[in-house]
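Here is what each chain is made of, one letter per residue.
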Amino acid sequence: MAAADELLTSSAIRTPGVRIVKDGTVLPESGYVRPATLAGRSLTGLVNPKRALELFDDGATIVFQGLHRYWPPLTRLIADLELALGHPCQANAYLTPPSGQGFAVHADSHDVFVFQTHGHKVWELHGSTAQPAPEPEQVTLEPGLVLYLPTGTRHAARAEGSISLHVTIGVNQVTWAGVLRRAIEPLLADLPDTHLPAGHLDDPGLLRDGLAERLTALADRVRGLDPDDLVRAEQQRFLTNRPSRLAGSLLDRAGTVDDHTPLRRRGICRPLPPEGDRLRVLLGDRHLDVPAWLAPAFDRIAASTTLTPADLTEE
């Protein structure tokens, strides 16, 4: 609650970092933002905490969106969770007044973990979009409990007799279909994009023969794909597109480093198998291409959370 209070009242938070919902309706931003200027320029979307709290007192839920982008504890949690799962994740928080309900029954297109941090909230579970339950099941969450909602679970939630605050962790799944799509799309792009033969409506054989030829060519190319190459591409795609983890970088610039300075690995370090005399190292938000003889040093960095430069010298 102290963190939610700080964000709402003392951080100059802006939309879309906050949205406000009441009885299933997302309220217009114009009802809770205020104009401001910074260095003579308009500052848009600045949340008016007084107005937001008035709406909260009137039964509205305040949603803190994308907390993993600006609240350090959740930034760290999401970064670690993404590495453990191999799927992109996100975090929102929902501050609901006593007896309030933000959203009507709905389903999310991703897996969700819910953890209660203050108060109690009653969740109605209505089965999945594919198999609705004849009667909803009720689960009451209190601080310390976590609820898992698989993709497509229909649900709604209402606070009990006190203010409720809960955090949702959304897991945006990387799917087999997505991996295959990324593998096959370049093959399709290489096929000649010529037009269909004239007269194919009257002579379907013209279309059938052309399709058979192209499907055979595409199937041959798909069979030629190397799964190891695709795995490497997926690793690189995921581990070079995560948010940067730069906490402490400014402080680093204020100090000096010698052979015995204790260092802490800030984020991801994932060396790929060397290719010839080169080594590619995935760092989360980018990659490094370095000489392959540096592989033992990067392996040591990847296996350690703290070390000194002297630890990386060859024995």
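Criteria and cut-off values
Positions within a chain are numbered from 1, following the residues in the order the chain's sequence is written. In keeping with the model being predicted, local features are shown solely for residues with a pLDDT of at least 70 and side-chain atom pairs are shown and tallied solely at 80 or more, while totals for entire chains, interfaces and linings include all residues. Note: side-chain values were computed over all heavy atoms of the structure, leaving out hydrogens and water. Salt bridges are defined as contacts in which a side-chain nitrogen from Lys or Arg sits within 4 Å of a carboxyl oxygen from Asp or Glu. If DSSP finds at least two bridges between two strands, the strands pair. To qualify as a helix, a DSSP run of H or I must reach at least 4 residues; to qualify as a strand, a run of E must reach at least 2; elements of each kind are numbered from the N terminus. Burial status follows relative accessibility: with a 1.4 Å probe on protein chains alone, a residue under 20% of its type maximum counts as buried, one over 50% as exposed, and anything between as partly exposed. Given a helix with a known number of residues, its expected span is that number minus one, times 1.5 Å. Note on definitions: a residue-residue contact is assigned when non-hydrogen atoms from the two residues lie within 4.5 Å. Two N or O atoms form a polar contact when they lie within 3.5 Å of each other; inside protein one atom must be a possible hydrogen donor and the other a possible acceptor, and for residues adjacent in sequence the pair counts only when both atoms belong to side chains. For helices, the axis comes from a line fit to the C-alpha atoms of the stretch in contact; other axes are also lines fit to C-alpha atoms, and the angle between any two N-to-C directions lies between 0 and 180 degrees. We call two directions roughly parallel when the angle between them is under 35 degrees, roughly antiparallel when it is over 145, roughly perpendicular when it lies between 65 and 115, and oblique otherwise. By convention the crossing between two helices is left-handed if the near helix lies anticlockwise of the far one by an angle smaller than a right angle, and right-handed if it lies clockwise. Here a patch means residues that are over 30% exposed by relative accessible area and free of salt bridges, tied together within 9 Å if like-charged and within 5 Å if nonpolar (Val, Leu, Ile, Met, Phe, Trp, Tyr). Computed by Shrake-Rupley with a 1.4 Å probe, the accessible areas treat only the displayed protein chains as cover when residues are assessed. Pairing of aromatic rings covers Phe, Tyr and Trp, the last counted by its six-membered ring, and requires centre-to-centre distances within 6.5 Å; plane angles under 30 degrees mean stacked, over 60 mean edge-to-face, and any other angle means tilted. Only Lys NZ and Arg CZ are tested; either one counts as a charge over a ring when it is within 6 Å of the ring centre and within 35 degrees of the ring normal. Among the buried residues, those of types Ala, Val, Leu, Ile, Met, Phe, Trp, Tyr and Cys that are joined through side-chain atoms within 4.5 Å form a nonpolar core.

S.K.: How do you make sense of the pattern of salt bridges when you look at a structure like this?
M.R.: One pass over the full model with this rule turns up 14 salt bridges. In this structure, Asp 289 and Arg 280 form a salt bridge, with 3.0 Å as the shortest nitrogen-oxygen distance. The network of salt bridges with shared partners includes Lys 50, Arg 51 and Glu 54.

S.K.: I keep staring at the sheet that holds strand S12 (residues 132–141) and nothing clicks. Help me out?
M.R.: Two pairing modes exist for strands in a sheet, parallel and antiparallel, and in both the strands are linked by backbone hydrogen bonds. Taken in spatial order, the 4 strands of this open sheet run S9-S14-S11-S12, and their pairing is antiparallel. Here the strands that pair on one side only, and so sit at the sheet edges, are strand S9 (106–107) and S12. Here S9 runs beside strand S14 (residues 153–159); their pairing, made up of 2 bridges, is antiparallel. In the sheet register, His 106 faces S14, and the bridge partner there is His 155.

S.K.: When you look at the pairing of strand S8 (residues 89–96) in this model, what are you seeing that I'm missing?
M.R.: Successive side chains on a regular strand alternate, one facing one side of the sheet and the next facing the other. Counted residue by residue, S8 has 7 buried out of 8 residues, so it is predominantly covered. Pairing of S8 with strand S15 (residues 164–171), which is carried by 8 bridges, proceeds in the antiparallel orientation. By the bridge assignment for S15, Ala 91 is matched with Ile 169.

S.K.: What is the right way to read the environment of Leu 294 from this model?
M.R.: With respect to the element layout, Leu 294 can be found in the loop between strand S19 (287–291) and helix H8 (295–303). With a relative accessible area of 23%, Leu 294 lands in the partly exposed category. With 17 residues separating them in the primary sequence, Leu 294 and Asp 277 have C-alpha atoms 10.0 Å apart.

S.K.: How do you make sense of the sheet that holds strand S18 (residues 278–282) when you look at a structure like this?
M.R.: Read across the sheet, 3 strands follow the order S17-S18-S19 without closing on themselves; strand pairing throughout is antiparallel. Lying at the two open borders of the sheet, with one neighbouring strand each, are strand S17 (270–271) and S19. As defined by bridge partners, S18 adjoins S19 across 5 bridges and the pair is classed as antiparallel. Each bridged residue has a counterpart across the sheet, and for Val 281 the counterpart in S19 is Leu 288.

S.K.: Please clarify how helix H6 (residues 227–238) should be interpreted in this entry.
M.R.: Residues spaced three or four apart along an α-helix face the same direction, because each turn holds 3.6 residues. Between its first and last C-alpha atoms H6 spans 16 Å; for 12 residues at 1.5 Å apiece the expected length is 16 Å, and the two agree. Summarising the contacts, the buried residues of H6 are in contact with helix H3 (72–85) and helix H4 (176–190). Residue Asp 226 occupies the N-cap position of H6, its side-chain oxygen lying 2.9 Å from the main-chain nitrogen of Asp 228.

S.K.: Please explain the packing of H4 against helix H5 (residues 204–223) as it appears in this structure.
M.R.: Packed helices, taken two at a time, are described by the angle their axes make and the gap between the axes. For the pair H4 and H5, the least separation of the axes is 10 Å and the interaxial angle reads 135°. Between H4 and H5, the interaxial angle falls into the category oblique. Between H4 and H5 the crossing geometry is right-handed. Across the interface between the two elements, Ile 184, Leu 187, Leu 188 and Asp 190 from H4 touch Leu 218, Arg 221 and Val 222 from H5.

S.K.: Help me understand the side chain of Thr 168 in this model?
M.R.: Tracing the chain through its elements places Thr 168 in strand S15. Accessibility expressed as a relative area gives 12% for Thr 168, which makes it buried. Excluding residues within four positions of it along the chain, Thr 168 makes contact with Gln 90, Ala 91, Asn 92, Tyr 94, Val 112, Phe 113 and Val 114.

S.K.: Looking at this model, I keep getting lost on a nonpolar patch on the surface. Mind explaining?
M.R.: A surface patch of nonpolar side chains, about 280 Å² in accessible area, is lined by Phe 113, Val 146 and Tyr 148. Within the secondary structure layout, Tyr 148 lies in strand S13 (residues 146–149).

S.K.: Teacher, can you tell me more about the packing of aromatic side chains here?
M.R.: The geometry of an aromatic ring pair is captured by two quantities: the separation of the ring centres and the angle between the planes. Enumeration according to the criterion identifies 2 aromatic pairs in this entry. With a centroid separation of 6.4 Å and 75° between ring planes, the pair formed by Tyr 94 and Phe 103 is classed as edge-to-face. A cation sits over an aromatic face here: Arg 242 above Phe 238, 4.2 Å from the ring centre.

S.K.: What should I look at first to understand the nonpolar core in this one?
M.R.: Across soluble globular proteins, nonpolar side chains show a tendency to be buried alongside one another. Residues Val 18, Ile 20, Ile 62, Phe 64 and Leu 67 are the most contacted members of the largest nonpolar core, which totals 26 residues. Residue assignment for this core shows that the elements contributing at least two residues are helix H1 (2–10), strand S1 (18–22), helix H2 (49–57), strand S7 (61–64), H3, S8 and S15. Filtering out sequence-adjacent residues up to four positions away, Ile 20 remains in contact with Thr 25, Val 26, Leu 27, Tyr 32, Ala 52, Leu 55, Ala 60, Thr 61 and Ile 62. By size, the runner-up hydrophobic cluster in this structure holds 8 residues, among which are Val 114, Trp 123, Leu 125 and Ala 157.

S.K.: Is there a simple way to explain unusual backbone geometry in this structure?
M.R.: Excluding glycine, most residues fall at negative phi; most peptide bonds, likewise, are trans. A cis geometry characterises the amide bond from Thr 15 onward to Pro 16, with omega recorded as 5°. As for its placement among the helices and strands, Pro 16 is situated in the loop between H1 and S1. A positive phi is found at Ala 12, a non-glycine position, where the angle reads about 55°. Here the phi dihedral of Asp 23 falls at roughly 50°; this positive angle occurs in a residue that is not glycine. Considering the arrangement of structural elements, one finds Asp 23 in the loop between S1 and strand S2 (25–26). Classification of Asp 23 as exposed rests on a relative accessible area of 58%.

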